[in-house]
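Observations on the model geometry
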There are 2 protein chains.
Amino acid sequence: MHNLKLSVEYDGTAYHGWQVQPGLPTIQGFLQETAKRISGEEVRITGAGRTDAGVHALGQVANFWTAKDLACESWQRAFNGLLPPDIVVRRAETVPDGFDARRSAKQKTYRYSILNAPHPSALDRHWLLHIPDRLDVASMADTVASLIGEHDFSAFRAADGNSPNSVRRVYEASFLTQGHRLEFVITGDGFLKHMIRIVVGTLLDVGRGRLTPATFRKILESKDRQHAGKTARPHGLCLMEVSY
Amino acid sequence: MHNLKLSVEYDGTAYHGWQVQPGLPTIQGFLQETAKRISGEEVRITGAGRTDAGVHALGQVANFWTAKDLACESWQRAFNGLLPPDIVVRRAETVPDGFDARRSAKQKTYRYSILNAPHPSALDRHWLLHIPDRLDVASMADTVASLIGEHDFSAFRAADGNSPNSVRRVYEASFLTQGHRLEFVITGDGFLKHMIRIVVGTLLDVGRGRLTPATFRKILESKDRQHAGKTARPHGLCLMEVSY
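Definitions and limits used
Residues numbered from 1 in each chain as written. Chains lettered and ligands numbered in written order. Predicted model: local features only at pLDDT ≥ 70, side-chain atom pairs only at ≥ 80, totals over all residues. Helix = DSSP H or I, 4+ residues; strand = E, 2+ residues; numbered from the N terminus. Rg over C-alpha atoms; globule rule 2.2 N^0.38 Å. Buried ≥ 20, exposed ≤ 12 C-beta atoms within 10 Å, placed from the backbone. Contact = placed C-beta atoms within 7 Å. Domains from an automatic or database assignment. Nonpolar A, V, L, I, M, F, W, Y, C, P; charged D, E, K, R; others polar. Least-squares fit on C-alpha atoms with pLDDT ≥ 70 in both. Pairing = 2+ DSSP bridges. Arc of directions from axis to C-beta.

1. With respect to the overall build of chain A
Helix and strand content of chain A: five helices and 10 strands. Computed over C-alpha atoms, the radius of gyration of chain A comes to 19 Å, within 12% of the 18 Å expected from 2.2 N^0.38 for 244 residues, which places it in the range of a compact globule. With respect to the three principal axes, the spread of C-alpha positions in chain A is 60 × 40 × 30 Å. Residues counted as buried form 41% of the 244 residues belonging to chain A. Within chain A, contacts between residues separated by at least 24 positions form 71% of all contacts whose residues are at least 6 apart in sequence.

As structure tokens, then:
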């Protein structure tokens, strides 16, 4: 048996997220069906991050076990020949038995992209959240530092999240401005359900002057979801990298 | 009557090009129908460049005449509220009577974007031409200088192009490499039908070593379409800017 690791890029627009759901198009579903077409085996593919519906990935990582003797390049070519064009296998490689895309992951980096301009974008509409309001980007940039470190992120988790432990460690968090485009980039050991999207929704309240950087910090410390902002729409979010 | 100038961004993927064609979705068609819904008038919208099916624009310019007394900002908001999300009016402004988006245009800038990597891109698949072959980008960059100046571009025009004059002036032509992404940017007083796409197809033959920069120049001088390369696919092309 071979343990195969895939690096996967996808445009999440047309999918109901990573995880298999009966009767709905999902990334995991398409990858598993394609692996079955290639190998003839029932394959279970594990992903590093279970991205929500509409969320994209440049660097999702997945792995699966197969008995099929096929060179990694042939796997990659077969996947890309059979997958729809909005899912691309960027790399396929054999990894040691102990490797599990989810459990072995040390760090994940996500990016959330915002277009802060009066009019939306036609070309980038699927990966930029359009915010026409004037935003105080300096305050937003000041705010993100308070996310760094180990915290109980209960204030920024979905009500129906089922992780038993809400403590996560954030290694880096940055907020960059390039013209009308704002990018929030966060690296951590893991993220709670909807965590980054709720953080972004709350950051936008800081940008609109409804909250100060200090209040944002208090919301984090309150561990109370009621105090945080709305869950930002999924399409601005992209899983950039998973480190092992 | 008011002469209204629009700056328009669009994702050409879903459209049969700029120009109205009965029964087919086109950019001009959607803009005209929307202007009619806003004003109640039959409106004829003139575009600076008649982009092909699948070609995009960040800075297409158009104009039309209307009797409707409506502030420019209201026109813009109404357009963006009614147009599909892949067409966006970035600016609307009143211009002097003599202004005609096509005839008054002095220069147009187009960009053609290529992904030169073993695997395609999922996220950028609609605006990058994927070329997995190894390309000699230095030779491609050397070649583009021969386009600059006034030339008879008959070698690089579609057989069915109907412009009576095949002489055009190219002001700037550059070929830039950024990682796996290659960008050909060209500015001229106008372009023949399929001209940029045939130039790119021929440039790719230089990249693949089938032609030298010197042969490219001879093909241009031959004025014979038979000697040039294939017409590159439309989706890498984007109308960036029109100057007046």
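That covers the picture; the talk isn't over yet.
2. A look at the domain arrangement of chain A
Residues and elements named next belong to chain A. Domain boundaries assigned for chain A yield domain 1 (2-94) and domain 2 (107-243). For domain 1 and domain 2, the distance between their C-alpha centroids amounts to 27 Å. Its residues assigned to classes, the side of domain 1 that touches domain 2 comprises six nonpolar, seven polar and two charged.

3. So, the relation of the copies chain A and chain B
Superposing chain A onto chain B takes a rotation of 180° plus a shift of 0.0 Å along the axis, which leaves an RMSD of 0.0 Å. Taken together, these values place the two copies in the relation of a two-fold axis. Among all C-alpha atoms of chain A, that of D124(A) lies closest to the rotation axis, at 4.8 Å. The residues that chain A uses at the interface reappear at the interface of chain B in 95% of cases, marking a shared surface.

4. Focus: the environment of R217(B)
Here R217(B) lies in helix α5 (residues 213-222). A sequence separation of 35 residues divides R217(B) from L182(B), and the C-alpha atoms of the two residues are 21 Å apart.

5. Here's the deal with the pairing of strand β1 (residues 2-10) of chain B
Residues and elements named next belong to chain B. In terms of residue burial, β1 counts as a mostly covered element, since seven of its nine residues are buried. Here β1 pairs with strand β3 (residues 56-66) via eight bridges, running antiparallel. The residue bridging N3 from the neighbouring strand is W65, located in β3. For β1 and strand β4 (residues 87-94), the ladder comprises seven bridges, and the chain directions are antiparallel. Residue pairing for β4: L6 is matched across the bridge by A92.

6. Remarks on the environment of V95(B)
Position of V95(B) relative to the elements: it lies in the loop between β4 and β5 (107-115). Along the backbone, V95(B) and L4(B) are 91 residues apart, and their C-alpha atoms lie at a distance of 6.0 Å.

7. Things to note about the interface of chain A and chain B
Every contact between the two is made by 19 residues of chain A and, on the other side, 18 residues of chain B. Those elements that place two or more of their residues in the side of chain A that touches chain B are β1 (2-10), β3 (56-66) and β4 (87-94) of chain A. With four residues, β4(A) is the single largest residue contributor to the side of chain A that touches chain B. Here the side of chain A that touches chain B is built from residues that sort into 10 nonpolar, four polar and five charged.

8. Re the pairing of β3(A)
Residue and element names in this part refer to chain A. Relative to β3, strand β2 (residues 46-47) runs antiparallel, the two being bridged by two bridges. Its bridge partner being in β3, T46 is matched across the sheet by N63. By the bridge criterion, two bridges tie β3 to strand β10 (residues 237-243) in an arrangement that is parallel. Within β10, the residue paired with A57 across the bridge is L239.

9. Describing helix α2 (residues 72-82) of chain B
All names here are of chain B. Inspection of α2 places W75, Q76 and F79 among the buried residues, and these make up the whole buried set. The buried side chains of α2 occupy one side of the element, clustering within an arc of 95° when seen end-on. Of the residues in α2, the exposed ones pointing more than 90 degrees away from the buried face are E73 and G81.

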